[in-house]
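Each chain is listed here by its residues.
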Amino acid sequence: MKNVLISIVFGLGMLSHANAFDGDAAAGKTKAATCAGCHGANGIGIADNYPNLAGQHADYIVKQLKAFQAGSRKDPVMAPMAAALSEQDMQDVAAHFSSFGRDGSAPAGAASADESASATPAAAAPAAVVADASAGKALYEHGDKERGITACVDCHGKDGNSKVLINPNLAKQHPEYIEKQLKAFKAESRHNASMNQVAGNLTDADIANIGAYFEDTSAVGEVKASAGKVAVKSFVGDVAAGKAKAATCTACHGADGNPMVAMYPALAGQGEAYLIKQLAEFKSGQRDNAVMAGMAAPLSDDDIKNVAAYFASQTLKPAAAKTSNTGQKLYVSGDAKRGIPACIACHGINGDGMDKAAFPSIAGQSATYIKSQLELFREAKRDNDRNAMMRNIAIKLSDDDISALANYMAAMK
Ligand code: HEC
Ligand code: HEC
Ligand code: HEC
Ligand code: HEC
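Analysis parameters
Residues numbered from 1 in each chain as written. Chains lettered and ligands numbered in written order. Predicted model: local features only at pLDDT ≥ 70, side-chain atom pairs only at ≥ 80, totals over all residues. Helix = DSSP H or I, 4+ residues; strand = E, 2+ residues; numbered from the N terminus. Buried ≥ 20, exposed ≤ 12 C-beta atoms within 10 Å, placed from the backbone. Contact = placed C-beta atoms within 7 Å. Core = buried A, V, L, I, M, F, W, Y, C linked by C-beta atoms within 7 Å. Domains from an automatic or database assignment. Near = placed C-beta within 6 Å. Nonpolar A, V, L, I, M, F, W, Y, C, P; charged D, E, K, R; others polar. Axes fitted to C-alpha atoms, helices over the stretch in contact; angles between N-to-C directions. Parallel < 35°, antiparallel > 145°, perpendicular 65-115°, else oblique. Left-handed = near helix turned anticlockwise from the far one by under 90°. pLDDT = per-residue confidence, 0-100. Expected span 1.5 Å × (residues − 1).

K.L.:
Could you give an account of the overall build of the protein, naming the residues involved and the relevant values?
P.N.:
A tally of helices and strands in the protein yields 20 helices and 0 strands. Considering the protein as a whole, with its 413 residues, one finds that 44% of them fall into the buried category. The contacts in the protein between residues at least 6 apart in sequence include a share of 72% that link residues at least 24 apart.

K.L.:
Could you give an account of the nonpolar core, with specific residues and numbers?
P.N.:
In this structure, Ile61, Leu65, Ala94, Phe97, Ile210 and Tyr213 are the most contacted members of the largest nonpolar core, which totals 47 residues. At the level of secondary structure, the elements contributing two or more residues to this core comprise helix H3 (58-70), helix H5 (87-98), helix H6 (133-142), helix H8 (175-186), helix H9 (193-200) and helix H10 (204-215). Three or more residues apiece are contributed to this core by two domains, here domain 1 (25-104) and domain 2 (133-228). In this structure Ile61 touches Leu53, Gln56, Ala94, Phe97 and Ser98, once residues within four positions along its chain are discounted. Membership of the second largest hydrophobic core comes to 28 residues, among which are Ile340, Ile344, Ala345 and Met390.

K.L.:
Residue-level account of the site of ligand 4, with values.
P.N.:
Surveying the vicinity of ligand 4 reveals 24 residues, the closest of which are Cys343, Cys346, Gln373, Asp385 and Leu405. Elements supplying a minimum of two residues to the shell around ligand 4: helix H17 (344-347), helix H18 (367-378) and helix H19 (389-394). Class assignment of the residues belonging to the shell around ligand 4 gives a composition of 18 nonpolar, 4 polar and 2 charged.

K.L.:
Any chance you could break down the environment of Gly23 for me, citing the residues and the numbers?
P.N.:
Turning to its location among the elements, Gly23 is positioned in the segment before helix H1 (25-31). Accessibility expressed as a C-beta count within 10 Å gives 26 for Gly23, which makes it buried. Put simply, Gly23 and Ala95 are 72 residues apart on the chain and 5.2 Å apart in space, counted from C-alpha to C-alpha.

K.L.:
Can you break down the packing of H3 against H5 residue by residue, with the values?
P.N.:
Running from N to C, H3 and H5 point in directions that differ by 135°, and their axes come no closer than 8 Å. The angle between H3 and H5 places the two elements in the oblique class. Along this stretch, H3 crosses H5, giving a crossing that reads as right-handed. Residues Ala58, Ile61, Val62, Leu65 and Lys66 of H3 touch H5, and the partners they reach there are Met90, Gln91, Ala94, Ala95, Phe97 and Ser98.

K.L.:
Which residues make up the environment of Thr326, and what are the values?
P.N.:
The topology assignment puts Thr326 in helix H16 (residues 325-333). Judged by the 14 C-beta atoms lying within 10 Å of it, Thr326 falls in the partly exposed class. On a C-alpha basis, the gap between Thr326 and Asp401 in space is 7.9 Å, while along the polypeptide they are 75 residues apart.

K.L.:
Give a detailed account of the site of ligand 3, specifying residues and quantitative values.
P.N.:
Around ligand 3 there are 19 residues in total, and Cys249, Cys252, Pro265, Asn289 and Met295 lie nearest to it. Mapped onto the shell around ligand 3, the elements with two or more residues apiece are helix H12 (250-253), helix H13 (272-284) and helix H14 (290-296). Classifying every residue of the shell around ligand 3 by side-chain character gives 14 nonpolar, 5 polar and no charged.

K.L.:
Which residues make up the confidence of the model for the protein, and what values go with them?
P.N.:
With 87% of its residues at a pLDDT of at least 70, the protein reaches an overall mean of 84. Note on residues 1-21: pLDDT is under 50 here. Beyond four places in sequence and across chains, it has 48 contacts. Note on residues 111-129: pLDDT under 50 across the span, and 33 contacts to partners over four residues away in sequence or across chains.

K.L.:
So what's going on with H10? Which residues, and what values?
P.N.:
With 12 residues, H10 should cover 16 Å at 1.5 Å per step; its first-to-last C-alpha distance of 17 Å lies within 8% of that length. Counting buried positions along H10 yields 9 of 12 residues, so the element is predominantly enclosed. By the burial criterion, the buried members of H10 are Asp206, Ile207, Ala208, Asn209, Ile210, Gly211, Ala212, Tyr213 and Phe214. The elements touched by buried residues of H10 are H6 and H8.

K.L.:
Pulling in residues and values, what's your account of helix H20 (residues 399-411)?
P.N.:
For an α-helix, 3.6 residues make a turn, and residues three or four places apart therefore share a direction. For H20, built from 13 residues, the straight-helix expectation of 18 Å at 1.5 Å per residue is met to within 8% by its first-to-last C-alpha distance of 19 Å. Buried residues of H20: Ile402, Ala404, Leu405, Ala406, Asn407, Tyr408, Met409, Ala410 and Ala411, and no others. Of the surrounding elements, those touching the buried residues of H20 are H16 and H18.

K.L.:
For the packing of H16 against H20, give the residues involved together with the corresponding values.
P.N.:
Viewed as axis vectors pointing N to C, H16 and H20 meet at an angle of 90°, and their least axial separation amounts to 7 Å. Considered as vectors, H16 and H20 are oriented roughly perpendicular to each other. Two secondary-structure elements touch here, H16 through Thr326, Gly327, Gln328, Leu330 and Tyr331 and H20 through Asp401, Ala404, Leu405, Asn407 and Tyr408. Of the residues in the contact of H16 with H20, the class split is 5 nonpolar, 4 polar and 1 charged.

K.L.:
For unusual backbone geometry, give the residues involved together with the corresponding values.
P.N.:
Of note in the backbone geometry, Glu188 takes a positive phi value of approximately 60° without being a glycine. Relative to the helices and strands, Glu188 is located in the loop between H8 and H9. Residues other than glycine seldom take positive phi values, yet Asn387 does so here, at roughly 55°. For Asn387, the location among the structural elements is in the loop between H18 and H19.

Written out as structure tokens, the structure is:
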């Protein structure tokens, strides 16, 4: 599976897809003369505040240049630089910089005497904070579920070598620059749905630790889950009170949230925030289902929180399911031609959702139920999804897509 050329389309309804690699590196080299002043002739930034572009994915470079040009990514230095570039210029300079190795080494097949290789990589500056590179690596590789931090490795790849063209490589990037960007995503002065979500939960110490890890990723040994702590799951509601209230639910959803019949959704291990939202909306009628309306009606706000906490605290025991390669492809990469975004962007690489944003977990959910929901969204009979997030996607899915996706999701572990 080397070099999987998948480009994931991230973002809410943002369907512009990554361009095919159609820049001209030779033309880009000439056009990149002005860029070299800061980013180095070989794409290695001449100082720590200038990001390395060497070996970065061309698609990602183009996307950033467009964002600087449009002003959706703000930087006083880059705005005028990008303003001067045509679409073709962007493709060309991107092709040029991406042709180098991540360390600024000459492009494969290029004359080794290429003058661009003469710029010396900037030495890593000593970290300002006493940061813990191992803790940084642990967070990078394992995330921290309790704090809503998705593992970075899922999107940025092992040691920062991303296989997904729209996700930037972080390997060999200046740590100072990585830290600055994480702070910008956290402050939401730089916008990207996934990164704002992830960085929003990082502390300054986490950011410093991740920076320290990128000083030299090869210097950090194997790590286990973050800081070795097995955090105890905490819930907004009261699990014990919820269990008592859940007695009426067991006939359909199972005593521990694992249903016996496939038409009923599994609730075990589902995100608490998502469960609360659904129950409140069944009760208000915003999610229209006659059976669940009756079940939710007698629940008070506290009952809803408690029942949600109870089911969220249970362990999902997925029924055996046969996976689908077609479903996997659509889930991971979407289909840019048909404007279908990748499900992975919101439901996660392992299908466990992002509960802080009330994006549901769908891994191991019953295929029958998933299929029914995608059909309901497609016909807009389920319309409680914020900003029509799911309706806009489902409307583009064929019956075959829906079956393939349902099978893939049900078989996800
Ligand atoms: C005067 C210095 C300077 C020049 C010249 C310059 N840049 Fe930049 N560039 C920067 C800085 C500073 C940033 C980081 C902005 C930030 O912190 O968000 C940056 C960021 C970028 C990024 C985003 C990198 C990432 O990893 O997200 C790209 C792409 C880029 N520049 C391309 C170019 C190109 C192409 C040119 C030439 C047309 C150019 N730059 C010229 C200073 C410069
Ligand atoms: C769900 C996928 C996803 C996850 C998880 C994720 N990222 Fe990102 N990250 C992205 C995308 C997409 C971008 C590019 C955003 C853009 O286009 O401006 C990005 C951009 C970045 C950048 C800016 C790179 C540059 O060259 O400017 C940094 C730094 C970064 N991520 C670090 C992290 C860290 C650290 C974590 C884990 C704590 C993480 N990311 C988790 C998808 C992800
Ligand atoms: C008679 C069977 C039945 C009973 C009893 C029942 N449910 Fe349901 N539940 C369903 C059905 C059917 C659906 C799917 C509704 C749809 O298609 O939108 C559902 C859906 C749900 C969902 C949404 C799941 C998701 O993934 O979006 C939640 C949450 C839920 N039920 C919680 C409860 C709770 C809590 C109780 C007890 C207070 C309960 N249910 C009792 C049949 C039942
Ligand atoms: C932009 C984010 C986003 C993307 C991309 C996305 N989803 Fe969703 N999905 C959501 C949200 C949010 C909900 C819950 C809506 C609500 O609050 O009821 C949801 C709900 C669902 C549900 C119902 C889960 C349940 O328990 O009832 C299914 C099934 C689903 N999505 C499948 C998919 C598939 C398949 C794709 C890709 C083709 C996809 N989603 C892409 C955000 C997204």
